[in-house]
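Each chain, written out:
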Amino acid sequence: MIKLAREEAWELLTEYNQSDALQKHALEVEAVMVHFAGLSGEDEEVWGVAGLLHDLDYERFPEEHCRKAEEILRERGVDELYIRAMNAHGYGICTQVKPESRMEQVLYTIDELTGLIHAACLMRPSRSVLDLEVKSVKKKFKTKSFAAGVDREIILKGCEMLGMTLDEVIGETIEGMRKKAEEIGLKGEL
């Protein structure tokens, strides 16, 4: 396996994504992937880079999501591990690559969840992830009209793949996001 340096991954991401919101989402997913890698005793940089690059093509090629990213990554000689993880996060939506490795399963599960948590933070008086609790996210999760674009079924399928409860996955995702609260714009008023 040929590791991709975090700096290279960031340059690649920002070459294809100028949107602040998409960059912040990539940083959120990276932070959570690094956190889960630590929990699993895995390579944090590898998992983080997979998280950073998962939506590489989304801004420029939304209709070709994942397919275009695979093409870009292959042209650059990026290792198959990253390509497979990126494809697996789109399982059942825009690819048929089933998440098999722990890294792929985590990425599949937390991509949508970070969006829900981000939206929940913005609704709080503090506008922060630092004081966010699992029960608050769970309440928002059950309210289908809240962050309606978030596919809750994917999150639930992912929890099942991981053998974790929804509460556990939400809790660990919040923890991962807290570690980069300022960088992802969710430090808020705290």
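In short, a report on the structure. From a predicted model like this one, the values you see are computed outputs, not experimental measurements.

Observations regarding the nonpolar core
Ranked by internal contacts, the top residues of the largest apolar core, which has 55 residues, are L53, I117 and V129. Contacts of L53, omitting those with residues within four sequence positions, involve L4, A9, L12, L13, L73 and M86.

Looking at helix α1 (residues 6–16)
Taken together, the buried positions of α1 are occupied by A9, L12, L13 and Y16. Down the axis, α1 shows its buried residues gathered within 100° of arc, on one side only. In α1, the exposed residues that point more than 90 degrees away from the buried face are E7 and E11. Looking at the buried positions of α1, the neighbouring elements they touch are α2 (20–40), α3 (44–53) and α4 (67–75).

Observations regarding the environment of T143
Tracing the sequence through the fold places T143 in the loop between α7 (134–142) and α8 (152–162). There is a polar contact of 3.0 Å between the side chain of T143 and the backbone oxygen of K139.

Quick word on the packing of aromatic side chains
Using the criterion set out here, one finds 1 aromatic pair in the structure. The positively charged end of K68 is found above the aromatic ring belonging to F61, 4.9 Å away from the centroid. When the ring centre of F141 is taken as origin, the NZ or CZ atom of R152, which lies over that ring, is 5.8 Å away.

Observations regarding the state of the cysteines
Covalent bonding between the sulfur atoms of two cysteines is what defines a disulfide. On inspection of all chains with the given rule, the structure shows 0 disulfides. Counting only cysteine sulfurs, C94 is the nearest neighbor of C66, a cysteine outside any disulfide, at a range of 3.5 Å. On the basis of relative accessible area, C66 is assigned to the buried category, the value being 0%. Residue classification places C94 among the partly exposed positions, given a relative accessible area of 23%.

Regarding the pattern of salt bridges
Under the counting rule described, the total for this entry stands at 15 salt bridges. Across the salt bridge formed by R74 and E70, the nearest N and O atoms sit 2.9 Å from each other. Note that R74 and E70 are positioned in helix α4 at a spacing of 4 residues, about one turn of the helix. Among the ionic contacts, a cluster of salt bridges with common partners joins R6, E30, K180 and E183.

Basis of the calculations
Residues numbered from 1 in each chain as written. Predicted model: local features only at pLDDT ≥ 70, side-chain atom pairs only at ≥ 80, totals over all residues. Heavy atoms only, no water. Core = buried A, V, L, I, M, F, W, Y, C linked by side-chain atoms within 4.5 Å. Buried < 20%, exposed > 50% of the residue type's maximum accessible area, 1.4 Å probe, protein only. Contact = heavy atoms within 4.5 Å. Helix = DSSP H or I, 4+ residues; strand = E, 2+ residues; numbered from the N terminus. Arc of directions from axis to C-beta. Polar contact = N/O pair within 3.5 Å; in protein donor to acceptor, adjacent residues only side chain to side chain. Phe/Tyr/Trp six-rings, centres within 6.5 Å; stacked < 30°, edge-to-face > 60°. Lys NZ or Arg CZ within 6 Å of the ring centre and 35° of its normal. Disulfide = S-S within 2.5 Å. Salt bridge = Lys/Arg side-chain N within 4 Å of Asp/Glu carboxyl O.

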